Amino acid sequence: MATTTTAAAATATPGKYLDLDQTPIQGQTGWALLDLNGTVLVLSGKSLSQSNNVTVLYQMLLETTNIIDASEDFCKLTVSFSNSAYLVSRDENHIYVVETTSIAK
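This report concerns the structure included in the present document. Source: prediction; values computed, not measured.

The next subject is the overall build of the chain. Regarding its fold elements, the chain presents two helices and six strands. Helices and strands in the chain line up, N terminus first, as β-β-β-α-α-β-β-β. Counting only contacts in the chain whose residues sit at least 6 apart along the sequence, the fraction spanning at least 24 positions is 47%. Counting every atom, the chain has about 6,300 Å² of accessible surface; 52% of that belongs to carbon and sulfur.

Here it is in structure tokens:
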């Protein structure tokens, strides 16, 4: 069962977002919801909550694309390792980081 944590600073109103515990993707082991400034609003999954991978992935996004600019045509970033992958996407107000055991197609 997934562990979901909501950051105290984020309780103000994360707004509407896709709850990936309700609609998981194949191989999903955890996910995080960030605002466009990188603040973690929701964190679900044991391995994500015990690492700083979400912060590192956000920093990678800042270095490779203008993730904050909604006019950017950012669709998805996939970072793959031998045993896991991280899928990063965004909507108008949020960044989603999904950890999987394999690359979802």
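On we go from here.
With that out of the way, let us pick up the nonpolar core. Core analysis: the biggest nonpolar cluster contains 14 residues, and Ala 32, Leu 34, Val 54, Tyr 86, Ile 95 and Val 97 have the highest contact counts within it. When residues of this core are traced back to their parent elements, those giving at least two are strand 2 (28-35), helix 2 (53-64), strand 5 (85-90) and strand 6 (94-100). Counting residues per element, this core draws most heavily on helix 2, which supplies four residues. Ranked by size, the runner-up nonpolar core spans eight residues in total, among them Leu 20, Leu 33, Tyr 96 and Val 98.

This brings us to the pairing of strand 6. With seven of seven residues buried, strand 6 is to be regarded as a mostly interior element. A two-sided burial pattern is seen for strand 6, the buried positions comprising His 94, Tyr 96, Val 98 and Thr 100 on one face and Ile 95, Val 97 and Glu 99 on the other. Alignment of strand 2 against strand 6, held across seven bridges, turns out to be antiparallel. The partner of Trp 31 across the bridge, within strand 6, is Val 98. Where strand 5 meets strand 6, six bridges bridge the pair, whose relative direction is antiparallel.

Here is what the cut-offs are and how they apply
- Residues numbered from 1 in each chain as written.
- Predicted model: local features only at pLDDT ≥ 70, side-chain atom pairs only at ≥ 80, totals over all residues.
- Heavy atoms only, no water.
- Helix = DSSP H or I, 4+ residues; strand = E, 2+ residues; numbered from the N terminus.
- Contact = heavy atoms within 4.5 Å.
- Areas by Shrake-Rupley, 256 points an atom, 1.4 Å probe, with all protein chains shown as cover.
- Core = buried A, V, L, I, M, F, W, Y, C linked by side-chain atoms within 4.5 Å.
- Buried < 20%, exposed > 50% of the residue type's maximum accessible area, 1.4 Å probe, protein only.
- Pairing = 2+ DSSP bridges.

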